[in-house]
Amino acid sequence: MAVSSVATSSSTGSGRTTTDYRAMTIATVLFFMWGFLTCLNDILIPRLKGIFELNYAQVMMVQFCFFSSYFVFAQPAGWLVDWRGYKQTMVIGLLVMAAGAMLFLPAASLASFGIFLTALVILAAGMTCLQVAANPYVTSLGPENTAASRLNFSQGFNSLGTTIAPFVGGALILGGIQIAPEKLHSLSAALQQAYRAQQASSVRLPYLGIALTLGFLAVALALLKMPPMVTHPTQDFRAGAHDQTESVHDTIWHHPWLLMAAAGIFLYVGAEVSIGSFLVNYFGLPQIMSLSPQTAAKFVGLYWGGAMIGRFIGSAVLQRVSTGLVLGCAAVVAGLLVVTSMLTHGPTAMWAIIAVGLFNSVMFPNIFTIGLWNLGPLTSKGSGLLVMSILGGALLPLLEGHVADRIGVQHAFFIPVLCYVFIACFGFAARNLMVRPELPVLDLGA
């Protein structure tokens, strides 16, 4: 991903001491939308599992197709940012997302699992454009020492979207009378297909509304005039983010903190998505709470609601506490909560896994901020690499699905625990990164 050169601070506004709140507001709305859409997958999974009679490994193709799109489209999205800039990339991303949402209508009418997966790929492709553009965009809107705080604040609205989505999706998508599998198999092929189409029709209205909303946002953003200094393709305006003496031969592969952050993003997203994807079915297990899908969806909202609350709290805490230290402590507690849920039953197991959301909250923005530390003109490439690492949300839930089919959902949660161990080590290792800038960046060959 080619990156345009960075101009001098006198002409670009490098070293900003205040935050552009108008631009922050725009970006925050986009964070809300992609949080809402991502979390709707947690509601789609049990619905599609029932309609198409899928096992856990098969239905986790929903997350595989959705999150693998981040890996496939992250680099093209980075090129698009370099070519068209932050704003136009976000507009294009919204339009692509709207097209993906519209494809849910024929997918439901034809009752085709394959078309559902195709729609998710297109939706995620547009969302990748937003991720690549919006995350570094937010970090560049003010002073460097509050970059993590700003990103946590915006991610808080991302979590507001994930909190609302299970309630909306549970009410509109789940529910309805489902016939027993043995009775369904007694019907003719035509009647079985008609039944599946009727069951799938519940997704049409929600995704039509989503498509129209995304189209409106794309038009509004396209018409909005934004300050020239933040619509330049890939300039990084954070104080100290660019060293004029930096070698022109520098690459992202010379920045080990970025590479470790990419591994952290891979594992964090994989852990969070693995947990969220199974919650509706997990809460329905006899040894947990035996909840109906509609009721379980509401508790899934609490899981994501904890992430929302945690990000707003984290935004304030990070004004005073090291980014790495907050990340390490959060990962330790999250891992312990998952272990508690694995070893207990009933309400204790349910509330322990719900509480993980609170400590997941600060992980993505903190890992992302550490990864972009001191990249300067490599910020666009670094952001693209980090977004590609969201591939963890495709692979780890698929792995957990295979494990769950063999040993059960509850015991399969050992996979997120291993992820949190790495994230904790990474966070504690980076605890002095922002306050002692002379420590890293290190050469990988040292």
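Preceding this paragraph is the structure being described.
Let us look at the structure shown here. Since the structure is predicted, the reported quantities are computational estimates derived from the model, not experimental observations. Here the residue index of a chain counts from 1 through its sequence in written order. Reporting in this predicted model follows two pLDDT cut-offs: at least 70 for local features of residues, and 80 or more for side-chain atom pairs to be given and counted; totals over whole chains, interfaces and linings ignore these cut-offs and use all residues. Based on all heavy atoms of the structure, the side-chain values leave hydrogens and waters out of the count.

**Structural notes on the packing of helix α6 (residues 113-139) against helix α17 (residues 379-388)**
Next, step 1: It is the contact of α6 with α17, at a shortest axis distance of 9 Å, that shows an interaxial angle of 135°. With respect to each other, α6 and α17 are oriented oblique. Handedness of the α6/α17 crossing: right-handed. Contact residues: α6 offers Thr128, Gln131, Val132 and Pro136, while α17 offers Thr379, Ser383 and Val387.
Next, step 2: Along the lines of polarity and charge, the residues of the contact of α6 with α17 split into three nonpolar, four polar and no charged. Simply put, an axis is a line fit to the C-alpha atoms, just over the touching stretch for a helix, and the angle between two N-to-C directions goes from 0 to 180 degrees. Elements are defined by DSSP. Helices are runs of H or I of four residues or more, strands are runs of E of two residues or more, and each kind is numbered from the N terminus. By the definition adopted for this analysis, an angle is roughly parallel if under 35 degrees, roughly antiparallel if over 145, roughly perpendicular if from 65 to 115, and oblique otherwise. Crossing handedness is defined as follows: a turn of the near helix away from the far one that is anticlockwise and smaller than a right angle gives a left-handed crossing, while the clockwise case is right-handed. By definition in these notes, contact holds between two residues if any of their heavy atoms fall within 4.5 Å. In this classification, Asp, Glu, Lys and Arg are treated as charged, Ala, Val, Leu, Ile, Met, Phe, Trp, Tyr, Cys and Pro as nonpolar, and every other residue, Gly included, as polar.

**So, a nonpolar patch on the surface**
Next, step 1: Residues enter patches when their relative accessible area tops 30% and they take part in no salt bridge; the joining distance is 9 Å for like charges and 5 Å for the nonpolar side chains Val, Leu, Ile, Met, Phe, Trp and Tyr. Only the protein chains shown count as cover for residues, with accessible areas throughout obtained via the Shrake-Rupley method and a probe of 1.4 Å. The term salt bridge refers to a pairing of a side-chain nitrogen on Lys or Arg with a carboxyl oxygen on Asp or Glu at a separation within 4 Å. A surface patch of nonpolar side chains, about 420 Å² in accessible area, is lined by Ile309, Ile313, Val317, Val321, Leu325 and Leu358.
Next, step 2: In terms of residues, the nonpolar patch owes the most to one element, helix α13 (residues 293-317), which gives three residues.
Next, step 3: Relative to the helices and strands, Val317 resides in helix α13.
Next, step 4: Exposed residues in this analysis have more than 50% of their type's maximum accessible area, buried residues have under 20%, and partly exposed residues fall in between, with area computed by a 1.4 Å probe over protein chains only. Here Val317 falls in the partly exposed class, since its relative accessible area comes to 32%.

**A word on the nonpolar core**
Next, step 1: By nonpolar core we mean a set of buried residues, namely Ala, Val, Leu, Ile, Met, Phe, Trp, Tyr and Cys, connected to one another through side-chain atoms within 4.5 Å. Of all hydrophobic cores here, the largest spans 142 residues; its most connected members are Tyr282, Phe283, Ile353 and Met363.
Next, step 2: At 18 residues, the largest contribution of residues to this core is made by helix α2 (residues 21-52).
Next, step 3: Those residues within four positions of Ile353 in sequence are excluded, and the remaining contacts are Ile275, Leu279, Tyr282, Phe283, Tyr303, Val338, Ser341 and Phe413.

**Focus on the pattern of salt bridges**
Next, step 1: Evaluated as defined, the whole model comprises one salt bridge.
Next, step 2: Taking the shortest distance from any N to any O, the salt bridge between Arg196 and Glu53 comes out at 3.1 Å. Taken together, the residues Arg196 in helix α9 (residues 189-200) and Glu53 in the loop between α2 and α3 (56-59) connect sequence positions 143 residues apart.
Next, step 3: Arg196 gets classed as buried once you look at its relative accessible area, which sits at 13%.
Next, step 4: Residue classification places Glu53 among the partly exposed residues on the basis of a relative accessible area of 32%.

**Quick notes on the packing of α13 against helix α15 (residues 346-360)**
Next, step 1: The interhelical angle for the contact between α13 and α15, taken along N-to-C directions, is 30°, at an axis separation of 6 Å. Overall, the two elements α13 and α15 adopt an arrangement that is roughly parallel. Handedness of the crossing formed by α13 with α15: right-handed. Together, Phe299, Leu302, Tyr303, Gly306, Ala307, Ile309, Gly310 and Arg311 of α13 and Met350, Trp351, Ile353, Ile354, Val356, Gly357, Leu358 and Asn360 of α15 make up the contact between the two elements.
Next, step 2: Each residue belonging to the contact of α13 with α15 can be placed in one class, and the counts come to eleven nonpolar, four polar and one charged.

**Some remarks on unusual backbone geometry**
Next, step 1: Of note, Ala111 is a non-glycine position whose phi angle comes to about 50°, a positive value.
Next, step 2: Relative to the assigned elements, Ala111 resides in the loop between α5 (104-110) and α6.
Next, step 3: For Ala111, a relative accessible area of 6% corresponds to the buried category.
Next, step 4: Residue Ser290 is not a glycine yet carries a positive backbone phi of 55°.
Next, step 5: Relative to the helices and strands, Ser290 resides in the loop between α12 (256-283) and α13.
Next, step 6: Assessed through its relative accessible area of 48%, Ser290 is described here as partly exposed.

**Notes on the packing of aromatic side chains**
Next, step 1: In summary, the pairing rule links any two rings of Phe, Tyr or Trp, Trp by its six-membered ring, whose centres are within 6.5 Å, and it sorts them by plane angle into stacked for under 30 degrees, edge-to-face for over 60 and tilted for everything else. Using the criterion set out here, one finds 18 aromatic pairs in the structure.
Next, step 2: When the centroid spacing of 5.0 Å and the interplanar angle of 75° are considered together, the rings of Phe66 and Phe67 count as edge-to-face.
Next, step 3: Relative to Tyr207, the ring of Phe104 has its centre 3.8 Å away and its plane inclined at 5°; by these criteria the two rings are stacked. Highlighted residues: Phe104 in helix α5 and Tyr207 in helix α10 (residues 204-223), separated in sequence by 103 residues. Assigned by exposure class, Phe104 and Tyr207 land together as buried.
Next, step 4: Ring pairs connect the aromatic residues Phe52, Phe104, Phe113, Phe116 and Tyr207, which therefore count as one cluster.
Next, step 5: We call a charge positioned above a ring when the Lys NZ or Arg CZ atom is no farther than 6 Å from the ring centre and deviates by at most 35 degrees from the ring normal. Looking at Lys49, its charged tip hangs above the ring of Tyr56, at a distance of 4.8 Å from the centre.
Next, step 6: The lysine or arginine in question, Arg84, covers the ring of Trp83, its NZ or CZ lying 5.2 Å from the ring centre.

**Focus: helix α16 (residues 363-371)**
Next, step 1: The element α16 is largely enclosed, with a buried count of nine among its nine residues.
Next, step 2: Here α16 has its buried residues at Met363, Phe364, Pro365, Asn366, Ile367, Phe368, Thr369, Ile370 and Gly371.

**Observations concerning empty space enclosed by the protein**
Next, step 1: Residues are called lining when one of their atoms sits within 4 Å of a cavity or pocket point, these points coming from a 1 Å grid over the protein atoms alone, where a cavity is a set in which a 1.4 Å probe fits but cannot get out and a pocket is an open set with protein on both sides within 12 Å along at least five of seven lines. Grid points are joined across faces, edges and corners, and a volume is the space filled by probe spheres set on the points. With the rule as written, the count across this model stands at two cavities of 30 Å³ or more.
Next, step 2: The computed volume of the largest cavity comes to approximately 250 Å³.
Next, step 3: In this structure, the largest cavity is lined by 18 residues; those nearest its centre are Trp34, Thr38, Gln131, Asn158 and Glu272.
Next, step 4: For the lining of the largest cavity, the secondary-structure elements that each account for two or more residues are α2, α4 (61-102), α7 (147-172), α12 and α13.
Next, step 5: Partitioned by chemical class, the residues of the lining of the largest cavity number nine nonpolar, seven polar and two charged.
Next, step 6: Estimated volume of the second largest cavity: approximately 30 Å³.
Next, step 7: Residue assignment for the lining of the second largest cavity shows that the elements contributing at least two residues are α2 and α4.
Next, step 8: Ranked by residues supplied to the lining of the second largest cavity, first place goes to α2 with three residues.
Next, step 9: Across the lining of the second largest cavity, the residue classes break down as four nonpolar, two polar and one charged.

**Comments concerning the environment of Met33**
Next, step 1: With respect to the secondary-structure elements, Met33 resides in helix α2.
Next, step 2: Judged by relative accessible area, which is 9%, Met33 ranks as buried.
Next, step 3: Sequence separation of Met33 and Asn158 is 125 residues, and the distance between their C-alpha atoms is 7.1 Å.
Next, step 4: Among all residues touching Met33, those that are not within four sequence positions of it are Thr213, Leu214 and Leu217.

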